[in-house]
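Listed here are the chains, written in short residue letters.
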Protein chains: 2
Amino acid sequence: MKCLKCENKAVFEIRRHRAAFCKEHYILHIQNQVAKAIKKFRMFPPKTKLLIAISGGKDSLALWDILLDLGYNVHGLYIDLGIDEYSKRSKEKSIDFKESRQATLHTISLEKIYGIGIGNISKKTSRKFCSICGIIKRYIMNKTALLGDYYAVITGHNLDDEAAALFGNLMGWQVDYLRRQHPNMPPKKGFARKVKPLCRLGEREMAAYCVLKNIDYIIEECPMSKGASSITYKEALNTLEAKSPGIKDHFYLGFLRGGQEYFKDTKDEKEDEEAELNPCEFCHQPTYAAGKCNFCKQMEKANIDPLKIHDEIKSKVTT
Amino acid sequence: MKCLKCENKAVFEIRRHRAAFCKEHYILHIQNQVAKAIKKFRMFPPKTKLLIAISGGKDSLALWDILLDLGYNVHGLYIDLGIDEYSKRSKEKSIDFKESRQATLHTISLEKIYGIGIGNISKKTSRKFCSICGIIKRYIMNKTALLGDYYAVITGHNLDDEAAALFGNLMGWQVDYLRRQHPNMPPKKGFARKVKPLCRLGEREMAAYCVLKNIDYIIEECPMSKGASSITYKEALNTLEAKSPGIKDHFYLGFLRGGQEYFKDTKDEKEDEEAELNPCEFCHQPTYAAGKCNFCKQMEKANIDPLKIHDEIKSKVTT
């Protein structure tokens, strides 16, 4: 197979595009795809200060690499959840990458702040692991973006993640989630903008990018995610993709281009929604809940002072 | 495992209901489910004359059996498509069943009317096999229902079929199909009512019903359906169902209970739609197309006189 651009020997084929590229043009292709997504979904302007959530996996490290290459001012945020070896190794990969690129990486450690990791917090709150982990990560990402005055929080969700989430939301007819799922979630009262520049690039494509760019990432998935329903949705979509290359992208893009419109709020509902946000009586972050926000409620169950995290983040982003 | 109803030894387990039944109560359970679907979706009143499309497979024969047991006046319609051994064997099974139940079965043979089977028609029209087969079958079913003064056309589409169709329509964001997909499609100008009483019973459940009732059906699928996308959608959903029993039913029911509402036409659009139907200039069946209906257009491509089928059906249903 030959490279679509230069006719040199291709190193990677993208079946759904019926295209193959040499190393150099593959890297350029992926970087162009990211640049296009940023532009198309009006994610952020060039000179802004950006925050990217780093897990040490292929997607977040590749995306950080691409954004730095594209010239963005983007700082990393690594949340050390305290999942034994997995956290240790993923932290190492994140720090190695940061050093190789001389970039800024904030690390927030749950164990350092609270004395316990996510496993024990999950037990104490009686919440499923992935559920409590999501609540804590979203809270920390948002808080860091606000306290550090970042224009947006960037995450490495790829096409497989987004298509699986969409599929899951449709299977359960979760209309609230269907309304909200978008690669560019604008900011609202107390919430930073959230963007997903990899939303149209597949898992395999990101892994290939890391290999070709010599980015050393943690290959294994989080050991706590075994049996997660998102994995089953991904498998089901992969069955379809193998048969009809491109169907996943078509599905997700069809949703963004028109499908989602059917689930949209009316203008009045949108205004009502924002009006319903009230400050959490504890940490003051806006919440739809009465009284405390969900993060503070969960921390209370785990006998943890939620405000400690505020001070820790503040000390990180202002030094 | 014991029967949920009588504590005798169970012969079949329905995982998604966490229930198992003895032979007698399993048969009753399935028949009750069909009776419930007929009532819930207001498919047809008790004393009406009904037409069921019979393929010789498990779903249509089981459903015919159930409806006869429930006391309905239901005639079968077998369309002999001329697919070599498959058609021969499926026709035999249909006739054997009809005789065992002393029921009425109309058989319409494409080869008898047109001199050629569906394979050659597909070639001559340059349409994909499943596409032309669907056009012809729907036309014959509808025509038979109208000429024979049947209250509704009943088909054996089961939960797996309906969930796979829904999944496919969502993957492609085919909003027109999403609007129309329903187990009870009311009649409109020139089109008979179409109903699917098995819409919430799974494939495995229908196969078990046939085994327990000694209904001899053709086990193999249509040889021309190999590689059909509906099969891939079924496989993908089965991956999910194995992990979360009941998810398929939940998905389909969620669509009927609320999801579909989001795709619905406004009242004005509905009226417009009906107003756009005009009689085919050849066979006079209403069509949205200008001039000839799709069936007549396809028959013309295959050098076939579409009206022959009208006379054949008339001779069958009025004798």
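Remember, predicted model here, so these are calculated numbers, not experimental data.

## Examining the environment of B:Asn184
All names here are of chain B. Turning to its location among the elements, asparagine 184 is positioned in strand E7 (residues 184-185). Among the residues examined, asparagine 184 registers a relative accessible area of 10% and is labelled buried. With 89 residues separating them along the chain, asparagine 184 and isoleucine 95 place their C-alpha atoms 27 Å apart. Excluding residues within four positions of it along the chain, asparagine 184 makes contact with Phe41, Arg42, Met43, Arg193, Lys194 and Val195. For asparagine 184, the side chain forms a polar contact with the main-chain oxygen of phenylalanine 41, separated by 2.7 Å. For asparagine 184, the side chain forms a polar contact with the main-chain oxygen of arginine 42, separated by 2.9 Å.

## A closer look at the interface of chain A and chain B
Facing 27 residues of chain A, the contacting portion of chain B comprises 27 residues. Summing the contributions of chain A and of chain B, the shared interface buries around 2,300 Å²; its carbon and sulfur component is 77%. Taken as a group, A:Met171, A:Trp173 and A:Tyr262 account for 33% of the area that chain A buries against chain B, more than any other trio of residues on that side. Scanning the region where chain A abuts chain B turns up 0 salt bridges. Counting across the interface, chain A meets chain B through 4 residue pairs in polar contact (both at pLDDT 80 or more).

## So, the pattern of salt bridges
If charged atoms from side chains of opposite charge come close, those side chains can pair. Residues and elements named next belong to chain A. Applying the stated criterion across every chain, the model contains 42 salt bridges over all chains. Note that aspartate 80 is salt-bridged to lysine 91, the shortest N-O span being 3.6 Å. Here aspartate 80 is found in strand E4 (residues 73-80), whereas its partner lysine 91 is found in helix H3 (residues 84-101), with 11 residues between them in sequence. Glutamate 203 is the salt-bridge partner of lysine 234, the closest N and O atoms lying 3.1 Å from each other. One end of the pair, lysine 234, is in helix H10 (residues 229-243); the other, glutamate 203, is in helix H9 (residues 203-212), and 31 residues separate them in sequence. Overlapping salt bridges, with partners in common, bring together Arg16, Arg200, Glu205 and Asp249 in one network.

## Side note on the sheet that holds strand E7 (residues 184-185) of chain A
Residue and element names in this part refer to chain A. Spatially, E5-E4-E3-E6-E8-E7 is the arrangement adopted by the 6 strands of the open sheet, whose pairing is mixed. Pairing within the sheet leaves two strands with one partner each, and these edge strands are strand E5 (105-109) and E7. Here strand E6 (residues 152-154) runs beside strand E8 (residues 193-195); their pairing, made up of 3 bridges, is parallel. Across the sheet, the residue bridging to valine 153 is lysine 194, located in E8. Taken strand by strand, helix H2 (residues 58-69) contacts strand E3 (49-54), E4, E5 and E6, and its axis lies near 160 degrees from that of E3. Relative to the sheet, H3 contacts E3, E4 and E5, its axis offset from that of E4 by approximately 160 degrees.

## Things to note about the sheet that holds strand E8 (residues 193-195) of chain B
Each strand in a sheet pairs with another by means of backbone hydrogen bonds, the pair being arranged parallel or else antiparallel. Residues and elements named next belong to chain B. Strand order in this open sheet of 6 strands is E5-E4-E3-E6-E8-E7, and the pairing throughout is mixed. Both edges of this open sheet fall to strand E5 (105-109) and E7, since each of them pairs with a single strand only. Of the pairings in the sheet, the one linking E7 to E8 comprises 2 bridges and is antiparallel in character. Pairing of methionine 185 across the sheet is with lysine 194, part of E8.

## Let's talk about the relation of the copies chain A and chain B
Superposition record for chain A on chain B: RMSD 0.0 Å, screw rotation 180 degrees, translation along axis 0.0 Å. Each copy turns onto its partner about a two-fold axis. Relative to the rotation axis, the C-alpha of A:Ala236 is the closest in chain A, positioned 2.3 Å from it. Most of the interface of chain A is mirrored in chain B, where 100% of its interface residues again form contacts.

## Points about helix H7 (residues 159-171) of chain A
All names here are of chain A. In this model, H7 (13 residues) spans 18 Å end to end at C-alpha, consistent with the 18 Å of a helix rising 1.5 Å per residue. Most of H7 sits out of view: 12 of its 13 residues are buried. Listing the buried residues of H7 in full gives Leu159, Asp160, Asp161, Glu162, Ala163, Ala164, Leu166, Phe167, Gly168, Asn169, Leu170 and Met171. Capping the start of H7, asparagine 158 holds a side-chain oxygen 3.0 Å from the backbone nitrogen of aspartate 160, two or three residues further along.

## Thoughts on the nonpolar core
Core analysis: the largest hydrophobic core is formed by 129 residues, its most contacted members being A:Trp64, A:Leu67, A:Phe167, B:Trp64, B:Leu67 and B:Phe167. If we skip the residues at most four places from it in the chain, B:Trp64 touches B:Ile52, B:Ile54, B:Val74, B:His75, B:Gly76, B:Phe97, B:Lys98, B:Ala103, B:Thr104 and B:Leu105.

## Here we look at the packing of helix H1 (residues 23-40) of chain B against helix H9 (residues 203-212) of chain B
For any two helices packed against each other, one specifies the inter-axial angle together with the distance between the axes. Residues and elements named next belong to chain B. Two elements in contact, H1 and H9, have axes separated by 10 Å at closest approach and are oriented at 130 degrees. The angle between H1 and H9 places the two elements in the oblique class. The chirality of how H1 crosses H9 is left-handed. The residues of H9 that touch H1, namely those facing Lys23, Tyr26, Ile27, Ile30 and Gln31, are Glu205, Met206, Ala208, Tyr209 and Leu212. Its residues assigned to classes, the contact of H1 with H9 shows 7 nonpolar, 1 polar and 2 charged.

Analysis parameters
Residues numbered from 1 in each chain as written. Chains lettered and ligands numbered in written order. Predicted model: local features only at pLDDT ≥ 70, side-chain atom pairs only at ≥ 80, totals over all residues. Heavy atoms only, no water. Helix = DSSP H or I, 4+ residues; strand = E, 2+ residues; numbered from the N terminus. Buried < 20%, exposed > 50% of the residue type's maximum accessible area, 1.4 Å probe, protein only. Contact = heavy atoms within 4.5 Å. Polar contact = N/O pair within 3.5 Å; in protein donor to acceptor, adjacent residues only side chain to side chain. Buried area = accessible area lost by both parts, 1.4 Å probe. Salt bridge = Lys/Arg side-chain N within 4 Å of Asp/Glu carboxyl O. Pairing = 2+ DSSP bridges. Axes fitted to C-alpha atoms, helices over the stretch in contact; angles between N-to-C directions. Least-squares fit on C-alpha atoms with pLDDT ≥ 70 in both. Expected span 1.5 Å × (residues − 1). Core = buried A, V, L, I, M, F, W, Y, C linked by side-chain atoms within 4.5 Å. Parallel < 35°, antiparallel > 145°, perpendicular 65-115°, else oblique. Left-handed = near helix turned anticlockwise from the far one by under 90°. Nonpolar A, V, L, I, M, F, W, Y, C, P; charged D, E, K, R; others polar.

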